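# Breakdown of the fold
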Amino acid sequence: MSERKVLNKYYPPDFDPCKIPKLKLPKDRQYVVRLMAPFNMRCKTCGEYIYKGKKFNARKETVMNELYMGLPIFRFYIKCTRCLAEITFKTDPENTDYAMEHGATRNFQAEKLLEEEEKRIVQDREEEELNNPMKVLENRTKDSKMEMEVLENLQELKELNQRQAQVDFEGMIDRYRDFEKREKEREKEEDERETKEMLDRALVKRLRDSDSDSEKEEEEDSSGPQAKKPSTDKPTDILTTLKPTEALGPSAGGVKKAKVETWERSVGTLGGKGALGLVVVRKKPAAIFLKPHPVAAASAPTSQTDSKASTTDSKNASKPVTTQNGSSSLSLLGAYSDSDSNDSE
């Protein structure tokens, strides 16, 4: 199967183009084309209106022996949509339009005819003025006179409308100008007043700031160097805070403050005089009393008993025992030892 779209075709070796028969067609042959109606028309047979833009399957032919500057003119044949009567029109390259020929009349032709008449009048006038200077002067005089009449008529119409409407346009314009002037003055006054208020507020604020600064300085000068109250980081720190040195008296000035532990800050000490010290009762240590040494001994102790007694005395002497009133047991042992020595003497 050969290709459908090819660029080169096969020509056999014995191909002779002169042997191909030529197709002889008449010059006035017709073609079937699809076109739209170029203008509004009305059929002469049935009176049907055919509007511009309606599509037809038309027959097209070239008009014989009719040219315009070497351009051919074409004729179109269409049929009425109602009675199927034949309607013909052809091209008009001179006016870049279409010309109606047979079977219908063109609608809205009055405007076109008027334009053609005006063009014809202007063309005739230019031809007259070209060869006659006096005609040029007459035409200018006529034009100026016509222009003056038009202006007079226009002025009369304006006066008539003013009398009927009874509206003072000049007064309206003057009032509008006065209103604009007053508005501008009012806006200017408002701007000035707002600017003055802003300046006054700024001045008052500066004066207040200066007064507050001076009052602070006076309070600082009058108060002098005073002890600041200790600040507490936590609510429970008030239980562990120490009294100031002034309340404790002159003897507490040289005493070094004890370091407060973390658990004492949150819970508080039991030995202090705070709130927890009153609730919790501290257990007192038991008092140690020594038996008095007998003065009159019946028999002297042996060497072993003497050695045991001496060791017990030395141990008791090395361990201090706290009594109820806080005195050490070493002082009591010393007192008893002195009394024993006096008895033996």
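Residues numbered from 1 in each chain as written. Predicted model: local features only at pLDDT ≥ 70, side-chain atom pairs only at ≥ 80, totals over all residues. Heavy atoms only, no water.

Inclusion rule: UniProt positions are given in the numbering used here, feature names are shortened, and annotations may be inferred rather than shown by experiment.
Looking up the chain in an unreviewed UniProt entry gives the name Splicing factor YJU2, with the organism given as Pagothenia borchgrevinki. UniProt, in the comment section headed Subunit (unreviewed entry), describes the chain in these words: "Component of the spliceosome. Present in the activated B complex, the catalytically activated B* complex which catalyzes the branching, the catalytic step 1 C complex catalyzing the exon ligation, and the postcatalytic P complex containing the ligated exons (mRNA) and the excised lariat intron."

### Brief notes about the environment of Phe39
Quick note on the threshold: Put simply, DSSP H or I for four residues or longer makes a helix, DSSP E for two residues or longer makes a strand, and each gets a number counted from the N terminus. Throughout this description, buried means an accessible area under 20% of the type-specific maximum (1.4 Å probe, protein chains only), exposed means over 50%, and partly exposed covers the range between. In what follows, residue pairs with any heavy atoms lying within 4.5 Å of each other are defined as contacts.
Within the fold, Phe39 resides in the loop between strand E1 (31-36) and strand E2 (41-43). A relative accessible area of 4% means that Phe39 is categorised as buried. For Phe39 and Lys52, which are 13 residues apart along the polypeptide, the C-alpha to C-alpha distance reads 4.5 Å. Those residues in contact with Phe39, other than ones at most four positions away along the chain, are Ile50, Tyr51, Lys52, Phe89, Tyr98, Met100 and Arg106.

### Here we look at the pairing of strand E5 (residues 71-79)
Applicable threshold: Criterion used throughout: strands pair if DSSP finds at least two bridges between them.
Where strand E4 (residues 55-68) lies against E5, 6 bridges are found, and the strand directions are antiparallel. Within the sheet, the bridge partner assigned to Leu67 lies in E5 and is Pro72. Linking E4 to E5, which pair antiparallel, is a turn of 2 residues; within it Met69 sits at a positive phi near 55°. As paired strands, E5 and strand E6 (residues 86-92) are joined by 5 bridges and run antiparallel to one another. Within the sheet, the bridge partner assigned to Arg75 lies in E6 and is Lys90. From the end of E5 to the start of E6, which pair antiparallel, there are 6 residues, and Leu84 there has a positive phi angle of about 60°.

### A short note on the nonpolar core
As a rule of thumb, nonpolar side chains are buried together in soluble globular proteins. Where we set the bar: Residues enter a nonpolar core if they are buried and are Ala, Val, Leu, Ile, Met, Phe, Trp, Tyr or Cys, with the set joined through side-chain atoms within 4.5 Å.
Within the largest apolar cluster, 15 residues are counted, with the highest numbers of intra-cluster contacts made by Leu35, Met41, Ile50, Ile78, Ile87 and Phe89. Counting residues per element, the ones that place at least two in this core are E2, E4, E5 and E6. Excluding anything up to four places from it in sequence, Met41 contacts Glu48, Tyr49, Ile50, Ile78, Ile87, Met100, Ala104, Thr105, Arg106 and Asn107.

### Let's talk about the sheet that holds E2
Read from one edge of the open sheet, 3 strands run E3-E2-E8, paired in antiparallel fashion. Taken across any chain shown, the strands that pair with only one partner, and hence form the sheet edges, are strand E3 (49-50) and strand E8 (104-106). Relative to E3, E2 is paired through 2 bridges, and the arrangement is antiparallel. Among the inter-strand pairings, Met41 is bridged to a residue of E3, identified as Ile50.

### So, the sheet that holds E6
Keep this limit in mind: All axes here are fitted lines through C-alpha atoms, helices being fitted over the stretch that makes contact, and every angle between N-to-C directions spans 0 to 180 degrees.
What the 5 strands build is an open sheet, ordered E1-E4-E5-E6-E7; its pairing is antiparallel. If you trace the sheet from one side to the other, it starts and ends with E1 and strand E7 (97-102), each paired once. Averaged over all neighbouring strand pairs, the angle between strand axes comes to 40°, with direction disregarded.

### Let's talk about the UniProt feature "binding site: Zn(2+)" (unreviewed entry) in the chain
When the UniProt feature table is mapped to this numbering, "binding site: Zn(2+)" (unreviewed entry) covers Cys43, Cys46, Cys80 and Cys83. For the residues just named, distributed over 41 residues, the greatest C-alpha separation is only 8.8 Å, placing them together at one site. Turning to its location among the elements, Cys46 is positioned in the loop between E2 and E3. Here Cys46 is in contact with Cys80, Arg82 and Cys83, once residues within four sequence places are set aside. On the secondary structure map, Cys80 appears in the loop between E5 and E6.

### Section: the side chain of Thr88
Its location among the elements puts Thr88 in strand E6. When near neighbours in sequence (up to four residues on either side) are disregarded, Thr88 contacts Phe76, Tyr77, Met100, Glu101 and His102.

### Side note on the state of the cysteines
The test is simple: Disulfides are defined as pairs of cysteine sulfur atoms found within 2.5 Å of each other.
Tallied over the entire structure, the rule returns 0 disulfides. In this model Cys46 remains outside any disulfide bridge; the closest cysteine sulfur is found in Cys83, 3.5 Å from its own. Here Cys80 stays unpaired: no disulfide links it, and the sulfur of Cys46, its closest cysteine neighbor, is 3.6 Å away. Cys80 gets classed as buried once you look at its relative accessible area, which sits at 1%.

### Section: the pattern of salt bridges
As a reminder, the rule being used: Here, a salt bridge means any side-chain nitrogen of Lys or Arg that lies within 4 Å of a carboxyl oxygen of Asp or Glu.
For the coordinates displayed, the defined rule picks out 14 salt bridges. Note that Glu129 is salt-bridged to Arg125, the shortest N-O span being 3.2 Å. With Glu129 and Arg125 both in helix H1 (residues 110-131), this residue pair falls 4 residues apart, about one helical turn. The class of Glu129 is partly exposed, set by a relative accessible area of 25%. One continuous salt-bridge network, built from bridges that share partners, spans Glu61, Glu66, Arg75, Lys90 and Glu101.

### Considering unusual backbone geometry
Unusually for a residue other than glycine, Leu84 sits at a positive phi of about 60°. Counting through the fold element by element, Leu84 comes out in the loop between E5 and E6. Here Thr96, not a glycine, exhibits a phi torsion of approximately 50°, which is positive. A relative accessible area of 72% places Thr96 in the exposed class.

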